[in-house]
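Descriptive structure summary
Each chain, letter by letter, is given below.
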Amino acid sequence: MRKIAIAMAKGGVGKTTTAINLSHELAMQGQRVLLIDCDTQDQVSKFLGVKPTYGMYEFVTGKNGKGKQVAKKEAIFPARENLWVLTGGIKLVELKNWLGEQPRKNRHTCLRNALIPKGTALDFLIFDCAPGWDILSVNILMAVNEVLCPVALQGPSLEGLKTFFGYLLSAQKQNKMLELKYILPTMFDGRTRQSFEIYTKLKRLFAKQICHPIRLNVRLSEAPSLGKTIFEYDQRAAGAQDYRKLARRLIDDGIQARQVPRFF
Ligand SMILES: Nc1ncnc2c1ncn2[C@@H]1O[C@H](COP(=O)(O)OP(=O)(O)O)[C@@H](O)[C@H]1O
Ligand SMILES: [Mg+2]
């Protein structure tokens, strides 16, 4: 099972848009995906047009807000074929408090321990992260081994990247498996010089991690208000083509990794 955090220190760079559309395309390609919303804004469920009763809080703590026991499977909501959601929202504030009250020894690994699935039920765990750095972000970076970092090809995006690398380095001290696997340029606008300049810089700095850019595409910003992914809203939009390409790369990387012979 691949465990991937979609994370970046800045907001508004396309994390949620990527998490939703990438997860849906992977699901449509037959991969079984659990998409986990780690932001208090609750956008994953809204963007997918679903209303789960329970989510992350109940999943990790085993209880609802009134102390009633909630089974893990009750918290996982089937959003599309092959795509399940663990919703976030305002209850994540309580979850962060709960995490803070756990014994110091396993405070940072509560999420990792809660998320060990039975057997091979899932192919991908995708975390849509919030921009800040707190106890929940640390838990996420302890629970994953790959990070996909969206970088908007607009504005002072490289500054956010520097801050984020600070977070990542401190997390890597505790999680040796954690790897910055993908840098995803987003909001690529072929009409502006800035987009090309940032993209060129990223290609030079991250030759291995760089992905094909996601173009600036108004269809991507329209789809969520209808509770649809880009593939349900406009199959032929540039955004749909770009996220299809990204999903293909992730699947291909998984196939290649399996083909590497193991000698030790
Ligand atoms: N490639 C894109 N083209 C056009 N609009 C986009 C694109 N990616 C994201 N958006 C829009 O930009 C805003 C911020 O994106 P979002 O995915 O919510 O970012 P984040 O999760 O990083 O805060 C949203 O309104 C979204 O619809
Ligand atoms: Mg978001």
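The structure under discussion appears in the preceding block.
Attention here is on the structure that accompanies the text. Each chain carries its own residue numbering, running from 1 in the direction its sequence is written. Note on labels: chains are lettered from A, ligands numbered from 1, in written order. It should be noted that, the model being predicted, local features are given only for residues of pLDDT at least 70 and side-chain atom pairs only at 80 or more, the latter also being counted only at that level, while totals for whole chains, interfaces and linings use all residues. Side-chain measures here rest on the full set of heavy atoms in the structure, leaving out hydrogens and waters.

Let's talk about the site of ligand 1
Put simply, the rule reads: Consider each residue's heavy atoms; a residue with any of them within 4 Å of a molecule or strand counts as near. The term polar contact refers here to a pair of N or O atoms within 3.5 Å; inside protein, the definition further demands a hydrogen-donor-capable atom paired with an acceptor-capable atom, and it admits residues adjacent in sequence only when both atoms are side-chain atoms. Throughout, the Shrake-Rupley method with a 1.4 Å probe supplies accessible areas, and for residues the shown protein chains are the sole cover considered. Numbering of helices and strands runs from the N terminus, with a helix taken as a DSSP run of H or I at least four residues long and a strand as a DSSP run of E at least two residues long. Put simply, Ala, Val, Leu, Ile, Met, Phe, Trp, Tyr, Cys and Pro go in the nonpolar bin, Asp, Glu, Lys and Arg in the charged bin, and everything else, Gly too, in the polar bin.
In the vicinity of ligand 1 there are 14 residues, among which Gly-12, Lys-15, Thr-16, Thr-17 and Asn-217 approach most closely. Gly-12 is positioned with one of its backbone polar atoms (N or O) 2.7 Å from an oxygen atom of ligand 1. Measuring from a nitrogen atom of ligand 1, one finds a backbone N or O atom of Asn-217 at 2.8 Å. Here ligand 1, which alone exposes 550 Å², has 80% of that area covered by the protein. Counting only elements with at least two residues in the shell around ligand 1, the list comes to helix H1 (15-28) and helix H10 (218-222). Ranked by residue count, the leading element in the shell around ligand 1 is H1, at three residues. Among the residues making up the shell around ligand 1, the classes are represented as five nonpolar, seven polar and two charged.

Examining the pairing of strand S4 (residues 83-86)
Rules: Pairing between strands is defined by DSSP: at least two bridges between the two strands are required.
Across four bridges, the pairing between strand S2 (residues 33-37) and S4 is parallel. Looking at S4, one finds that Val-33 is bridged to Leu-83. Of the strand pairs in this sheet, strand S3 (residues 77-80) and S4 are connected by three bridges, and their pairing is antiparallel. What sits directly across from Pro-78, in S4, is Trp-84. What sits between S3 and S4 in their antiparallel hairpin is a turn of two residues, with Asn-82 showing a positive phi close to 65°.

Things to note about the packing of helix H5 (residues 91-100) against helix H7 (residues 135-143)
Which entries qualify depends on this criterion: Note on definitions: angles span 0 to 180 degrees between N-to-C directions of axes, and those axes are lines fitted to C-alpha atoms, for helices only across the stretch in contact. Roughly parallel refers to an angle under 35 degrees, roughly antiparallel to one over 145, roughly perpendicular to one between 65 and 115, and oblique to any angle outside these ranges. The criterion used for residue contact is that any of the two residues' heavy atoms lie within 4.5 Å.
Where H5 meets H7, the closest approach of the two axes is 9 Å, and the angle between their N-to-C directions is 75°. The angle between the axes of H5 and H7 places the two elements in the roughly perpendicular class. Contact with H5, carried on its side by Leu-92, Leu-95, Lys-96, Leu-99 and Gly-100, involves Ile-135, Leu-136 and Asn-139 of H7 and no other residues of that element. Within the contact of H5 with H7, the residues separate by chemical class into five nonpolar, two polar and one charged.

Considering empty space enclosed by the protein
We count it as follows: Only protein atoms enter the calculation, which uses a 1 Å grid: trapped sets of points that fit a 1.4 Å probe without letting it out are cavities, open sets showing protein on both sides within 12 Å along at least five of seven lines are pockets, and any residue with an atom within 4 Å of a point is a lining residue. Grid points are joined across faces, edges and corners, and a volume is the space filled by probe spheres set on the points.
Summed over all chains, the structure comprises three cavities of 30 Å³ or more. Size it by volume and the largest cavity reaches roughly 90 Å³. Lining the largest cavity, in full, are Ala-7, Met-8, Ala-9, Cys-129, Ala-130, Pro-131, Gly-132, Trp-133, Ser-137, Leu-141, Phe-164 and Tyr-167. Within the residue set of the lining of the largest cavity, elements represented by two or more residues are H7 and helix H8 (157-174). By residue class, the composition of the lining of the largest cavity is ten nonpolar, two polar and no charged. Lining the second largest cavity, in full, are Thr-16, Thr-17, Ile-20, Asn-21, Phe-47, Leu-220, Ala-223, Pro-224, Lys-228, Thr-229 and Ile-230. Split into classes, the residues belonging to the lining of the second largest cavity amount to six nonpolar, four polar and one charged.

Concerning the nonpolar core
We count it as follows: Definition of nonpolar core: a set of buried residues of the types Ala, Val, Leu, Ile, Met, Phe, Trp, Tyr and Cys, connected through side-chain atoms within 4.5 Å. Categorising residues by exposure relies on relative accessible area from a 1.4 Å probe, with only protein chains included: less than 20% of the type maximum marks a residue as buried, more than 50% marks it as exposed, and the intermediate range marks it as partly exposed.
Counting residues in each nonpolar core, the largest one holds 54 residues, and the members touching the most others are Met-56 and Phe-127. Top element by residues in this core is H7. It accounts for seven residues. Discounting residues that sit within four places of it in the chain, Phe-127 has contacts with Ile-4, Ala-5, Ile-6, Ile-36, Cys-38, Leu-111, Leu-115, Ile-140, Ala-143 and Val-144.

Topic: the sheet that holds strand S5 (residues 124-128)
Read from one edge of the open sheet, seven strands run S3-S4-S2-S5-S1-S6-S7, paired in mixed fashion. Edge positions in the open sheet fall to S3 and strand S7 (179-186), since each of these has one partner strand only. Mean inter-strand twist for the sheet, computed between neighbouring axes without regard to direction, equals 25°. Across five bridges, strand S1 (residues 2-6) lies against S5 in parallel orientation. Within S5, the position partnered with Arg-2 by the bridge is Phe-124.

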